[in-house]
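Spelled out, the chains give:
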Amino acid sequence: MSRTAHRTCPLCEALCGLELTLDDAGTITAVRGDRHDPFSKGFICPKGATLGSLDGDPDRLPGPLRRTRGDGAADGDDAAHVPVTWEEAFATVRAEIGRVVERYGKDAVAVYLGNPSAHTVAGPLYGGAVIKALGTRNAYSASTADQMPKHVSCGHMFGDPLAIPVPDLDRTDHLLMLGANPLESNGSLCSAPDFPGRLKAIRARGGKVVVVDPRRTRTAELADEHLFLRPGTDAYLLAALVHTLFAEDLATPPADVAGLDDLRAVVRDFAPERVAAVTGVPAPVIRRTARELAAAPAAAVYGRIGTCTQAFGTLNSWLVDVLNVLTGNLDRPGGAMFARPAHQPAYRRRRTPYRTGRWYSRVRGLPEANGELPVATLADEIETPGEGQIRALITIGGNPVLSAPNGARLDAALAGLEFMVSVDPYLNETTRHADVVLPPPPPSQAPHYDLALLGFTVRDYVRYSPPVAPRPADRPSEAEILGRLAVIASGLDAGPAALDEMIIGDTLAKAAAAAGSPVEGRDPAELREALAAAGSADLTEQRLDMMLRLGPYGDGFGADPAGLTLARLRDEHPHGLDLGPLRPRLAEVLCTASGRVELCPPPFAADAGRLRAGLAAPVPDGLVLIGRRQLRSNNSWLHNVPELVRGSNRCTLQLHPADADRLGVAAGDRVRLSSRTGSVEAVAEPTDTVMPGVVSLPHGWGHDRPGTRTRVAAAAAGVSANAVTDEQEVDPLSGNAVFNGVPVTVEPLGAAAPAPVRAAAESTG
Ligand SMILES: Nc1nc2c(c(=O)[nH]1)N[C@H]1C(S)=C(S)[C@@H](COP(=O)(O)OP(=O)(O)OC[C@H]3O[C@@H](n4cnc5c(=O)[nH]c(N)nc54)[C@H](O)[C@@H]3O)O[C@H]1N2
Ligand SMILES: Nc1nc2c(c(=O)[nH]1)N[C@H]1C(S)=C(S)[C@@H](COP(=O)(O)OP(=O)(O)OC[C@H]3O[C@@H](n4cnc5c(=O)[nH]c(N)nc54)[C@H](O)[C@@H]3O)O[C@H]1N2
Ligand code: SF4
Ligand SMILES: [Mo]
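Residues numbered from 1 in each chain as written. Chains lettered and ligands numbered in written order. Predicted model: local features only at pLDDT ≥ 70, side-chain atom pairs only at ≥ 80, totals over all residues. Heavy atoms only, no water.

Visitor: Please clarify how the site of ligand 2 should be interpreted in this entry.
Guide: Near ligand 2 there are 28 residues, and of these Y112, N115, S403, D424 and S636 occur at the shortest range. Residue N115 places a main-chain N or O atom 2.6 Å away from an oxygen atom belonging to ligand 2. One of the side-chain nitrogen or oxygen atoms of R629 is found 3.1 Å away from a nitrogen atom of ligand 2. If ligand 2 stood free it would expose 920 Å²; the protein chains cover 94% of that surface. Split into classes, the residues belonging to the shell around ligand 2 amount to 12 nonpolar, 12 polar and 4 charged. (Near = heavy atom within 4 Å. Polar contact = N/O pair within 3.5 Å; in protein donor to acceptor, adjacent residues only side chain to side chain. Areas by Shrake-Rupley, 256 points an atom, 1.4 Å probe, with all protein chains shown as cover. Nonpolar A, V, L, I, M, F, W, Y, C, P; charged D, E, K, R; others polar.)

Visitor: Hey, could you run me through unusual backbone geometry in this one?
Guide: Most peptide bonds are trans, and most residues other than glycine sit at a negative phi. Located in the positive-phi region is D194, a residue other than glycine, with phi close to 60°. Phi is positive for F557, which is not a glycine, with a value near 55°. Judged by its relative accessible area of 6%, F557 falls in the buried class. (Buried < 20%, exposed > 50% of the residue type's maximum accessible area, 1.4 Å probe, protein only.)

Visitor: Which parts of the structure should I look at to understand the nonpolar core?
Guide: In a soluble, globular protein the nonpolar side chains are often hidden away together inside. In this structure, W318, I394, L438, Y449 and V462 are the most contacted members of the largest nonpolar core, which totals 142 residues. The contact partners of Y449, leaving out residues within four places of it in the chain, are V121, A342, H343, L454, V462, R463, Y464, L544, L548 and L569. (Core = buried A, V, L, I, M, F, W, Y, C linked by side-chain atoms within 4.5 Å. Contact = heavy atoms within 4.5 Å.)

Visitor: What is the right way to look at the site of ligand 3 in this model?
Guide: Taken together, the neighbourhood of ligand 3 is formed by C9, L11, C12, A14, L15, C16, I44, C45, K47, G48 and N186. In terms of residue class, the shell around ligand 3 is built from 8 nonpolar, 2 polar and 1 charged.

Visitor: Sorry, what's going on with the sheet that holds strand β7 (residues 139–141) here?
Guide: Strands belonging to one sheet form pairs held by backbone hydrogen bonds; the direction of such a pair is parallel or antiparallel. What the 7 strands build is an open sheet, ordered β5-β4-β16-β15-β14-β6-β7; its pairing is mixed. Only two strands of the sheet have a single partner each, and these edge strands are β5 (81–83) and β7. When strand polarity is set aside, the average angle formed by the axes of neighbouring strands in this sheet is 20°. Here strand β4 (residues 65–67) runs beside β5; their pairing, made up of 3 bridges, is antiparallel. If you follow L65 over to β5, its bridge partner there is P83. Sitting on the sheet, helix α18 (residues 478–490) is in contact with β14 (392–396), β15 (419–423) and β16 (436–438), with an inclination near 155° to β15. (Pairing = 2+ DSSP bridges. Helix = DSSP H or I, 4+ residues; strand = E, 2+ residues; numbered from the N terminus. Axes fitted to C-alpha atoms, helices over the stretch in contact; angles between N-to-C directions.)

Visitor: Which parts of the structure should I look at to understand helix α4 (residues 122–134)?
Guide: Each α-helix turn comprises 3.6 residues. Residues three or four places apart therefore point the same way. Between its terminal C-alpha atoms α4 stretches 18 Å, which fits the 18 Å expected from 13 residues at 1.5 Å a residue. Within α4, the full set of buried residues consists of A122, G123, L125, Y126, G127, A129, V130, I131 and L134. Positive backbone phi, approximately 75°, marks G135, located one or two places after α4. (Expected span 1.5 Å × (residues − 1).)

Visitor: Even after reading the chapter, I still don't get the sheet that holds strand β21 (residues 669–674), so can you show me in this structure?
Guide: Taken together, 6 strands build a closed barrel; the order of strands is β19-β23-β20-β22-β21-β24 and the barrel is mixed. Along the sheet, successive strands turn relative to each other by an average axial angle of 45°, direction set aside. The pairing of strand β20 (residues 653–655) with strand β22 (residues 679–686) spans 3 bridges and is classified as parallel. Each bridged residue has a counterpart across the sheet, and for L655 the counterpart in β22 is P686.

Visitor: Looking at this structure, how should I read the packing of helix α14 (residues 313–326) against helix α24 (residues 602–616)?
Guide: The description of two helices packed together rests on the angle between their axes and the distance between the axes. Close contact between α14 and α24 brings their axes to 10 Å; oriented N to C, the two are set at 120°. As for how α14 packs across α24, the hand of that crossing is left-handed. In contact with T314, L315 and W318 of α14, α24 contributes F604, D607, A608 and L611. The residue inventory of the contact of α14 with α24, partitioned by class, reads 5 nonpolar, 1 polar and 1 charged. (Left-handed = near helix turned anticlockwise from the far one by under 90°.)

Visitor: Is there a simple way to think about the pairing of strand β24 (residues 742–751) in this case?
Guide: Looking along a regular strand, one sees the side chains alternate between the two faces of the sheet. For strand β19 (residues 623–626) and β24, the ladder comprises 3 bridges, and the chain directions are antiparallel. Paired with L623 across the bridge in β24 is V744.

Visitor: Sorry if this is basic, but what is going on with the pattern of salt bridges here?
Guide: A side chain of one charge can pair with a side chain of the opposite charge if their charged atoms are brought near each other. A full pass over the atoms with the stated rule returns 56 salt bridges. Between R549 and D545 there is a salt bridge; the shortest N-O distance is 3.4 Å. With R549 and D545 both in helix α21 (residues 539–550) and 4 residues apart, the pair spans about one turn of that helix. What makes R549 buried here is its relative accessible area of 9%. Looking at D545, the relative accessible area reads 5%, which means it is buried. A salt bridge links E727 to R676; the nearest nitrogen and oxygen atoms lie 3.3 Å apart. On the criterion of sequence distance, the pair formed by E727 in the loop between α26 (711–715) and β24 and R676 in the loop between β21 and β22 is long-range, its members being 51 residues apart. Taking the relative accessible area as the measure of exposure, E727 reaches 4% and is therefore buried. (Salt bridge = Lys/Arg side-chain N within 4 Å of Asp/Glu carboxyl O.)

Visitor: Would you take a moment to explain the environment of H81 for this structure?
Guide: Secondary-structure assignment places H81 in strand β5. Sequence separation of H81 and D435 is 354 residues, and the distance between their C-alpha atoms is 8.1 Å. Setting aside residues no more than four positions away along its own chain, H81 makes contact with L65, R66, R67, L427, T431, R432, A434, V437 and R709. Of note is the side chain of H81, whose polar atom sits 2.8 Å from the backbone oxygen of A434.

Any functional reading would require information that these geometric values do not contain.
Here is the structure:
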């Protein structure tokens, strides 16, 4: 007998509803889009469609592993990892973390949170608790390989690093999009299931879509206009757009913004004619782009990872929103707006002004941002001896050996740790170094609620998916795993429930004391009882219930009897609940010290000096590397799904035909790609979709290392783009890694040999 169940896809930021068919054993046998989901309306992509294969992957670890050191068991030998019981695994973690903290202090234990910990329920609810319990300054995450510049920019402009406006895709008349390719990525920091359909709809209603990208991507092909731009030069283009708005008297900002005159001074030198050579975008095109942006009834500027992972990441992120403000489009329908997540209480505000650099990294002196240090300096901190050196590492849902800049150096550094524990379903390039691997259950056995992403939706929306298959009795949920790690990290001798109880108690007490909260003045103990009485014994569910009830649509613990509770969301809205189009809410979001939008934060104005210096520098003439995302991929970890490593999904080096001719490289030839940090060999794919002078290699490949247990991926290994990216280059304001515009050389190696495993693997599409 088969049955049907529904849940949100956990794989990307599009939040598609899925309809799953399961057999009696709880195996997913078919996946379709959930037509009844009011947000995704049945949309699905090839990754979601193969969730069954991912969920039932025979290489998924069924239980914890322990690495046996010594006795000839070399690092990277997969036989070195043997199954142990959960109790043994946790006991080892407790003993080893305890030993390292006692011997070297709390900063000797580092934590790295990877991308999936933004998608799981457990990551946002417990990941921070692990770091806090340790009290370590060595907290790292994929954020500094991704969107940290946007957090820093919004932190300074709006006071809250999580107050990131999204383009109001469904109502805009004009979308200017830089460094994003949602036709492959399905969107990021902008949750919009069927992003491609929403883009087509802009054009269908007479609007315009403009894409700025060094590659003519599928998104660029769908757009009305595509501007080729030299990698890493967005800040020049953006500054010239701002310059033009001022110079042509097109700026119409709201009256109460701060820093307008300072901003005008900062962009004075960036006339379109001055940046044309640096960017490759002709001056008349820049002027026209600014005029069209200003003239559109409603327009949104949206910059994504291509604008973040570069040397001017924060300036880009800032200038994108400066354009939104100057054209009067911030917080207005069809412009750039703030979502209103159902689990975030509107009454709670940051009280201290946003700042970075509350501490600095030990070796390179890089500033902390959002409580994190840059992943680009993780290897430095592990390798460099001295007080505060990292001796132990906890990774949660991350594969930095493939995802961090100069991953090869990090790979070697991890081998030198005294202890490493990884919460991860796979034994892969990173977790092969772990002394203990704690695998969470597969998605079918996990609940889903997008705590991190519901704050960036293009409509207000909420959905909760309980697990669709039962979890074996002896298998902890990821929340339980992380809860236990947090308790271990705190050094206390308590069960994981202690952590949840502490957080619940603390939240309820604060809510009862907060002016304007729906439970103001109530007795926290009475609220605690109400939560317990709601029917779920699961403390993770109780925490979600609490957040929803205190949130803007919540029942306020009875204050609004018709309001949301977790039970109501789950039982009455199993396909999700549409909460309407985005509404203006800047006043609710804004929490700068001045109480105004800060258009020209001093650190950004100061960093513009670096930009100005570049105006005078000669335009470099060598080749530079950029990445590219592929539809059938998800960073490093979907290459073990057989359906996804076929077809167009190839780890090839794209280069312009003119560069290929100059180098004597033909399609299908092998080439060596080299940089300061290393070199890899790949198959060349000449294409005029990349600009002359630009080469492109996708990231997340390079699965040919010993000691891993991902058999499909190993057979389609590819090479890692991060073998050639440079960990020494960061955006100074955010510490973000620089993946775009990496100087490289390309050397022909002749026609691809037919036989070698690596070569065959790389052309396995
Ligand atoms: N299929 C698939 N989907 C994914 C992922 C995946 O790996 N595969 N990863 C997920 C993750 S973690 C994220 S963060 C999101 C990212 O989602 P997006 O931000 O849409 O990421 P990309 O598709 O990499 O698009 C970035 C674009 O920037 C361009 N670019 C490179 N350098 C520059 C530059 O200097 N300036 C400009 N203007 N553009 C530049 C690249 O050519 C590329 O087209 O995607 C998510 N979705
Ligand atoms: N050159 C280059 N490098 C890049 C990028 C780029 O564009 N170019 N993009 C960057 C970006 S945007 C990102 S987000 C990072 C990603 O960097 P990471 O997060 O470090 O890497 P992922 O490949 O996403 O690794 C995800 C890991 O989580 C595990 N996992 C999967 N599901 C779960 C789960 O439910 N629970 C747990 N605990 N683990 C799970 C997987 O097995 C895998 O080990 O890569 C960055 N690196
Ligand atoms: S677009 Fe993203 S959320 Fe939707 S099915 Fe594909 S991977 Fe899942
Ligand atoms: Mo990402």
